[in-house]
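Remarks on the overall topology
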Amino acid sequence: MLITDSASNFSTSSQIRFSFNTSKKALFTNQTGGYSIDDIKLYNAGRDIGIEGISYNRFICMAYNYIISLKGKNNDIYSNGNFALKYSINDGPIVSQVFTQTLLPQDTFAFTFSQNADLSLPGIYKIKVWTSNPGDLAAFNDTILYVVNVLNSVSNFPYFENFESNNGNLISDAGGETKWEWGIPNKNKIYLSGQGNKAWVTNLREKYKNNEETTLYLGCYNFSALTQPIVNFNTYQNIETGEIGQGLYDYVVAESSLDGNLGRLGDKRLGIIGTKTFKTVQFGIWIAFLAGGKPKN
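Residues numbered from 1 in each chain as written. Predicted model: local features only at pLDDT ≥ 70, side-chain atom pairs only at ≥ 80, totals over all residues. Heavy atoms only, no water.

Moving on: the nonpolar core. In terms of nonpolar packing, the biggest core is built from 27 residues, with Tyr66, Ile68, Leu70, Phe109, Leu119, Val129 and Tyr146 touching the most fellow members. Only β1 (49-53), β3 (63-66), β5 (80-89), β6 (95-103), β7 (108-112), β8 (117-119), β9 (123-132) and β10 (143-151) provide two or more residues apiece to this core. If we skip the residues at most four places from it in the chain, tyrosine 146 touches Ile54, Tyr56, Tyr66, Ile68, Tyr125, Lys126, Ile127 and Val129. Counting five residues, the second largest nonpolar core, distinct from the first, contains Leu170, Trp180, Trp200 and Leu216. (Core = buried A, V, L, I, M, F, W, Y, C linked by side-chain atoms within 4.5 Å. Buried < 20%, exposed > 50% of the residue type's maximum accessible area, 1.4 Å probe, protein only. Helix = DSSP H or I, 4+ residues; strand = E, 2+ residues; numbered from the N terminus. Contact = heavy atoms within 4.5 Å.)

Following this line, the structure appears as structure tokens:
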């Protein structure tokens with residue numbers, strides 16, 4: 001934390017305090033840990049140049065010229081310039097560029113590296129961006145780490161993937177929860193694949209968790225030469241769906257996007273029609289039906 005962030009005027013008797021309060025009555029007493037303060041350090045930040053943010057998309061199509069841009073700030077009480085900005089990808093070679101402009105005290109700046117990154121292969125890229133300025137003593141705001149997931153790009157059709165030889169370059173985003181897994185399913189109710197032995201499953205061996213929200217990203221598809229593209233896939237579900245009209249417990253949706261705005265397959269309001277194997281309910285949520293007319297559960 002920089003003291004200058006508080007916009008205070010320093011004096012010979014400047015004061016710092018931590019305040020803690022609770023705004024509502026606790027539902028349970030003696031079950032929360034409160035707050036702890038330890039290891040306080042006060043020091044001169046020196047010629048501090050900090051990175052304040054990076055704008056990026058977590059999921060992109062393959063890119064040969066991926067642009068890396070940042071926003072930063074001169075936190076020094078003096079002017080600064082001619083410092084280095086650097087980035088590396090997956091701990092690889094370091095790309096370095098000098099910021100030649102002069103920044104006045106508390107000036108903010110935007111910067112784009114002239115050398116773009118090569119993200120032309122599908123996969124997960126860990127990108128590190130940092131500043132390097134002699135005399136900068138506040139290292140905590142010098143570096144930003146972020147992850148970009150590059151999706152597989154497909155332009156040749158018909159396209160078919162049975163996931164037997166590899167995972168098809170699909171990427172699972174779990175947000176810390178149980179994620180989709182590729183391999184041979186071995187569950188009590190799900191133990192077969194559509195054909196062959198392997199598939200993508202919400203956990204190959206264990207049950208999915210309560211309140212789980214996981215996403216499987218298939219990739220980027222160039223449909224420009226197609227007039228009516230059709231997506232076909234095999235699926236089996238064993239989830240707690242609830243009864244029609246009584247609300248849904250667990251469900252799955254398939255989504256697509258042409259411009260970054262997602263639409264659910266099967267949602268007729270969006271002009272995206274789902275396969276007849278499924279009956280569409282509210283907002284493109286799919287529930288599979290057995291011959292008897294009741295949902296699987």
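Once the structure has been displayed, the description carries forward.
Read across the sheet, five strands follow the order β2-β10-β9-β5-β6 without closing on themselves; strand pairing throughout is mixed. The two strands at the open ends of the sheet, each matched to only one other strand, are β2 (59-61) and β6. Adjacent strand axes in the sheet meet at a mean angle of 30° when their direction is disregarded. Here β9 runs beside β10; their pairing, made up of eight bridges, is antiparallel. When the bridges of β10 are listed, tryptophan 130 appears paired with threonine 143. (Pairing = 2+ DSSP bridges. Axes fitted to C-alpha atoms, helices over the stretch in contact; angles between N-to-C directions.)

Attention shifts here to the pattern of salt bridges. This structure, assessed with the given rule, holds two salt bridges. Where aspartate 76 meets arginine 47, a salt bridge forms, and the shortest distance between an N and an O atom there is 3.9 Å. Here arginine 47 lies in the segment before β1 and aspartate 76 lies in the loop between β4 (69-74) and β5, a separation of 29 residues in the sequence. Residue aspartate 76 is classed as buried on the basis of its relative accessible area, which comes to 5%. Look at arginine 47 and you get partly exposed, because its relative accessible area is 32%. Between aspartate 173 and arginine 58 there is a salt bridge, with the nearest N and O atoms lying 2.9 Å from each other. Taken together, the positions of aspartate 173 in strand β12 (residues 171-173) and arginine 58 in the loop between β1 and β2 put the pair 115 residues apart, joining distant regions of the chain. (Salt bridge = Lys/Arg side-chain N within 4 Å of Asp/Glu carboxyl O.)

Turning our eyes to something else, we now look at the environment of arginine 205. Along the polypeptide, arginine 205 turns up in the loop between β14 (199-202) and β15 (215-217). By relative accessible area, which is 57% here, arginine 205 ends up exposed. For the pair arginine 205 and glutamate 181, spaced 24 residues apart in sequence, the C-alpha separation works out to 9.5 Å. Among all residues touching arginine 205, those that are not within four sequence positions of it are Asn186 and Lys187.

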